[in-house]
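# Geometric and topological summary
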Amino acid sequence: TVSLPEQFNAASYFLDRHLAEGRGERTAIYYEGNAYTYAQIAEQANRVGSGLSELGIEMEQRVALILLDSPAFAASFFGALKLGAVPVPMNTMLRPDDYIYLLNDCRAKVLCVHAELWRAIRHILPRLLYLRHVVVVGLEQSGERENATCHDFELWLRRASPDLKAARTSKDDSAFWLYSSGSTGFPKGCVHLHHDMTYCCEYYAKPILQINERDICFSASKLFFAYGFGNGLYFPFAVGASAVHYPGRPQPEAVFQAIEQYRPTIFFGSPALYANMLASGKSYDLSSLRLCVSAGEALPADIWRRWQQRYGVEILDGIGSTEILHIFISNRTGEVRPGSTGKIVPGYEARIVDERGAEVAPGEMGTLLIRGDSTAACYWNKHEKTLDTMRGRWIATGDTYTQDADGYYWYGGRVDDMLKVNGLWVSPAEVEGALMAHPAVLQAAIVGAADQDELIKPRAYIVLQSDHEPSETLVNELKTFVKARLASFKAPQWIEFVSELPMTATGKIQRFVLREASRP
Ligand code: 3SK
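Predicted, not measured: the structure shown is a model, and the values here were computed from it.

### Things to note about unusual backbone geometry
- Although it is not a glycine, E32 adopts a positive phi angle of roughly 45°.
- Residue placement: E32 occurs in the loop between β1 (27–31) and β2 (34–37).
- Among the residues examined, E32 registers a relative accessible area of 54% and is labelled exposed.

As structure tokens, this is what we get:
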């Protein structure tokens, strides 16, 4: 484990330390054409903490954040943390009913939210059982006035004290929650502790990414998602580097333009985004990048190769989880095996086990268990789910993997995405990888569908590259193409061409939506 003092406040470590060590004037965040220094973010965070205290927030109480990537996110997160309160960043793309669930589940008394997001959900206020105050970023600019419940973020900050003493939290106190949504059931609040972020920095960001104070990190994945949260906030803040915060949707053109504008050194994306960026006909200057990272789903080998050829930068694919906070298996610069997730990140341990919990033979597929000290303490108020997932020092990831003789891990899909075809396991990721190697295919997703005998067979949903048209000939060609690469029972029985795949906000294919669509 990382050696930290018993009394430890993560906001002092990730933010105030830079002022104490003479880095206050360095740029912490680039946002909408402006640069914000560490000193500015630290002062804003102090004002947020003081303002929350004035609203009656005390240690251990939750503060919900529905904020776009911005300095306001950073200040709200660290301000709440410094006060000893527990910030809960939430997905900014949810439906009103989802927010009713999340806000009542975490029992936040204060919500910090951007005006445009608040406007879409403010009608839920009467159904929020614990919420007392809403602090709205951009309230007055949107033509609205403060009242007893709603405060304008900027005015609220101005009224609050710029001085704040860090709460005497311990390294093992609750620090923040992130909600993890599986394919079924309600989202689960992962309770993370003050020491968790330092663990990810010491074992992943520093040794694997070699992150240092000259870096500028740009994450297309948003801060509310565990992946983006490390990439765009606490990784750069661990070393006094800079982050680019982009509040909009990460469409390929916008992402390219942001890279040209801010010249980041590390870019963090997802396989779907890399595929869409490669599909763009225009050429862009990505020469500022020294490294790219991918997570969210396994990165097909073909995308890795095409990106490398076009831009000359390696993508380091890895896997993390909201429960473990960040990446625990990753490729390394100069040692990438395209199509594999890489090797275990030192500081973490892995076991691949069968249904009975026994370790499988080398090279065999099984369920991945991970051990490492960035894992959430529990799921909030979900005792059974906690017991199922967090098994002593080990955590069940729900992913299937094989490990090769050189120690590289190869993703097989989610435990519940695997298909059994003719009694044999078929990994959707493997078939998708084979389809993606065809020049006509931009994206592919495989789900199980029942044939006329109620037997499960692979069904493919495919987004074509813009210069290809759907046709029966192409269907047959793709089936033959897969059969030439994989055992023929793995080839899709049916192929459907679609204009886009249903995706989660965090870049994962929503296979359950496709499974539903495949039902007769
Ligand atoms: O999806 C992933 O692989 C991931 C990576 C880092 C942090 C969190 C997640 C879910």
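Read on, since the account is not over.
### A few points about the nonpolar core
- Core analysis: the biggest nonpolar cluster contains 147 residues, and F14, F77, F78, M197, F237, F267 and W307 have the highest contact counts within it.
- Ranked by residues supplied to this core, first place goes to helix α8 (residues 226–239) with nine residues.
- Setting aside residues up to four positions removed in sequence, M197 forms contacts with A10, F14, F77, L81, F176, F229, Y234 and L325.
- In this structure, L102, A115, V136 and C150 belong to the second largest nonpolar core, which totals 29 residues.

### A look at the sheet that holds strand β4 (residues 86–89)
- Read across the open sheet, the five strands follow the order β4-β3-β5-β6-β7; overall the sheet is parallel. Looking at strand neighbours, the two that pair on one side only are β4 and β7 (150–152), the edges of this open sheet. Strand after strand, the sheet turns through a mean of 25° between neighbouring axes, direction not considered.
- Here strand β6 (residues 133–137) pairs with β7 via three bridges, running parallel. Paired with V136 across the strands is D152, a residue of β7.
- On the sheet, helix α3 (residues 71–82) packs against β3 (62–66), β4, β5 (110–114) and β6 and is oriented at approximately 150° with respect to β4.

### Details of the site of the ligand
- In the neighbourhood of the ligand, 13 residues make up the surrounding shell, with Y227, G296, G320, S321 and K508 lying closest.
- Here an oxygen atom of the ligand sits 3.2 Å away from a polar atom, N or O, in the main chain of G296.
- Between G320 and the ligand, the recorded distance is 2.9 Å, taken from a backbone N or O atom to an oxygen atom.
- Within the complex, the protein chains bury 96% of what would otherwise be the 280 Å² of accessible surface of the ligand.
- Considered class by class, the residues forming the shell around the ligand number seven nonpolar, five polar and one charged.

### Quick word on the pairing of strand β24 (residues 441–450)
- Judged by how many residues are buried, β24 sits mostly within the fold: nine of 10 residues are covered.
- Inspection of the sheet shows β24 paired to strand β25 (residues 456–464) by nine bridges, in the antiparallel sense. Following the sheet pairing, A449 is matched in β25 by K457.
- Linking β24 back to β25 in an antiparallel pair, the connection comprises five residues, with E454 at a positive phi of about 65°.

### Comments concerning α8
- The end-to-end C-alpha distance of α8 is 19 Å, a good match for the 20 Å that 14 residues give at a rise of 1.5 Å each.
- Approximately 30° is the largest bend angle found in α8, and it occurs at L233, with the proline P236 only one to four residues beyond.
- Burial of α8 is extensive: 14 of the 14 residues sit out of reach of the surface.
- Of the residues flanking the end of α8, it is G240, one or two places downstream, whose phi is positive at about 75°.

What counts, and where the lines are drawn
Residues numbered from 1 in each chain as written. Predicted model: local features only at pLDDT ≥ 70, side-chain atom pairs only at ≥ 80, totals over all residues. Heavy atoms only, no water. Helix = DSSP H or I, 4+ residues; strand = E, 2+ residues; numbered from the N terminus. Buried < 20%, exposed > 50% of the residue type's maximum accessible area, 1.4 Å probe, protein only. Core = buried A, V, L, I, M, F, W, Y, C linked by side-chain atoms within 4.5 Å. Contact = heavy atoms within 4.5 Å. Pairing = 2+ DSSP bridges. Axes fitted to C-alpha atoms, helices over the stretch in contact; angles between N-to-C directions. Near = heavy atom within 4 Å. Polar contact = N/O pair within 3.5 Å; in protein donor to acceptor, adjacent residues only side chain to side chain. Areas by Shrake-Rupley, 256 points an atom, 1.4 Å probe, with all protein chains shown as cover. Nonpolar A, V, L, I, M, F, W, Y, C, P; charged D, E, K, R; others polar. Expected span 1.5 Å × (residues − 1). Bend = angle between axes of the 7 residues up to and from the residue.

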